[in-house]
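Listed below, chain by chain, are the residues.
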Amino acid sequence: MAEPGPGPERGPAGQGPPPEPPAGGEQQQQGEQQQEQEAAGPEWNIPPNAPACMERHLDGAHYRADGALLLGASGLSGRCWAGSLWVFADPRRAPSEGFCTAGVQTEAGVADLRWVADRGILVASDSGAVELWELDENETLIVNKFCKYEHDDMVTTVAVLAGSTQAVSGGQDFCVKVWDLPQQAVLHSYRAHSDAVTCVASCPGKDTVFLSCAEDGRTLLWDTRCPKPATRIVCSACNYLPTSVLWHPQKSDIFALGDENGTVALVDTKNPDSALSSTVHARRITGFAFSTHSSPLLASISEDCSVAVLDSDLSEVFRNRSHRDFVKGLSWSPSDNSLLTTVGWDHQVLHHAVPIPTGEASGVNCVKE
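Calculation rules
- Residues numbered from 1 in each chain as written.
- Predicted model: local features only at pLDDT ≥ 70, side-chain atom pairs only at ≥ 80, totals over all residues.
- Heavy atoms only, no water.
- Buried < 20%, exposed > 50% of the residue type's maximum accessible area, 1.4 Å probe, protein only.
- Helix = DSSP H or I, 4+ residues; strand = E, 2+ residues; numbered from the N terminus.
- Pairing = 2+ DSSP bridges.
- Axes fitted to C-alpha atoms, helices over the stretch in contact; angles between N-to-C directions.
- Salt bridge = Lys/Arg side-chain N within 4 Å of Asp/Glu carboxyl O.

With that out of the way, let us pick up the pairing of strand E4 (residues 102-106). Most of E4 sits inside the fold, with four of its five residues counted as buried. In the sheet, strand E3 (residues 80-88) pairs with E4 via five bridges, with the strands oriented antiparallel. Pairing of Trp-86 across the sheet is with Gly-103, part of E4.

Another aspect to go through is unusual backbone geometry. Looking along the chain, the bond that leaves Ala-94 and enters Pro-95 is cis, with omega of 5 degrees. For Pro-95, the location among the structural elements is in the loop between E3 and E4. With phi around 70 degrees, Cys-305 is a residue other than glycine that occupies positive phi space. Even without being glycine, His-347 reaches a positive phi, approximately 70 degrees. In this fold, His-347 is placed in the loop between strand E26 (339-344) and strand E27 (349-353).

Attention now goes to the sheet that holds strand E16 (residues 230-233). Two pairing modes exist for strands in a sheet, parallel and antiparallel, and in both the strands are linked by backbone hydrogen bonds. Pairing within the open sheet is antiparallel, and its four strands lie in the order E13-E14-E15-E16. One side of each edge strand has no neighbouring strand; the edge strands of this open sheet are strand E13 (197-203) and E16. Across the sheet, the axes of successive neighbouring strands diverge by a mean angle of 25 degrees, strand direction being ignored. Bridge count between strand E15 (residues 219-223) and E16: four bridges; the pairing is antiparallel.

All right, on to the pattern of salt bridges then. Within this structure, the stated rule accounts for nine salt bridges. Here Glu-139 makes a salt bridge to Arg-64, at a shortest N to O gap of 3.0 Å. One end of the pair, Glu-139, is in the loop between strand E7 (130-136) and strand E8 (141-148); the other, Arg-64, is in the loop between strand E1 (57-63) and strand E2 (69-77), with 75 residues separating them in the sequence. Glu-139 sits in the partly exposed class, given a relative accessible area of 23%. Across the salt bridge formed by Arg-284 and Glu-303, the nearest N and O atoms sit 3.8 Å from each other.

Right under this line is the structure:
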């Protein structure tokens, strides 16, 4: 007599075979998982050659025309300062390393940095070098183009001149140098200051004109076409050491001047004594940025850990005190003219919504749906 074969698989309490899973159940589960991943945002993915960790001190922030955000970072590692460069296609993800599009370690701390055209990055290094880096490999890699030790001490400041083929640097060796970037060479070297140079600023639309200020108390207007290229600008409105300068984007005779006391002045190079001034901060001014409004707003940052935005009369229209250490970098968003981004030594990247002046429209609201 034949042995009986195994019976059908039984469910709980002997109630017959288990029910078949509903059709499409697996696909539904996968769809739910995909929706959860999309809701969580982009995946953490550090690009090749990017450091695993960003240094604590953020020393600069600059937007590119397409909205990509460039950050420079520095930190003390043992007895040496280390630095790094970072690019974020989505600025809201900064400073999370895993969401950057490119990053690279530098030889020393980053004192200052600027975009050069669309792919270049000019760096002032604590090591005394001026460095030029470039985005490569679909902008996932930052490669070094040159590293030149022409200064005899730390390079504190850099600026790219109009045309993007020349740049100017200043350092603690009291020197100001003009660079030919494609030739990777110094065109002019000047020692017109008698102390450390704190800031240089290029003039919009003029590739031979720039400003410098230094701890010798002098602010100089430069034109490299002249036999004696430097002219001193004496502004009675600022009685302390100048720390920051920036040209007005629409008026080639006007520039913003900040000093170690927190005073902000709008100076006319043809009549410096008529400068409009206001004590905006309680400590040293560390940077300026003009907005792109028809009547540009002036944003200022300071070692008093605050951010201020001023109108053309230097009246305050915005103030933020969220930073917990020196504020060291700022930039207006190119896609939203009411958005100001600031960074500082507290490792914060803050995005400020600044009130829009009367008659102006936010860049976001101007986009056609």
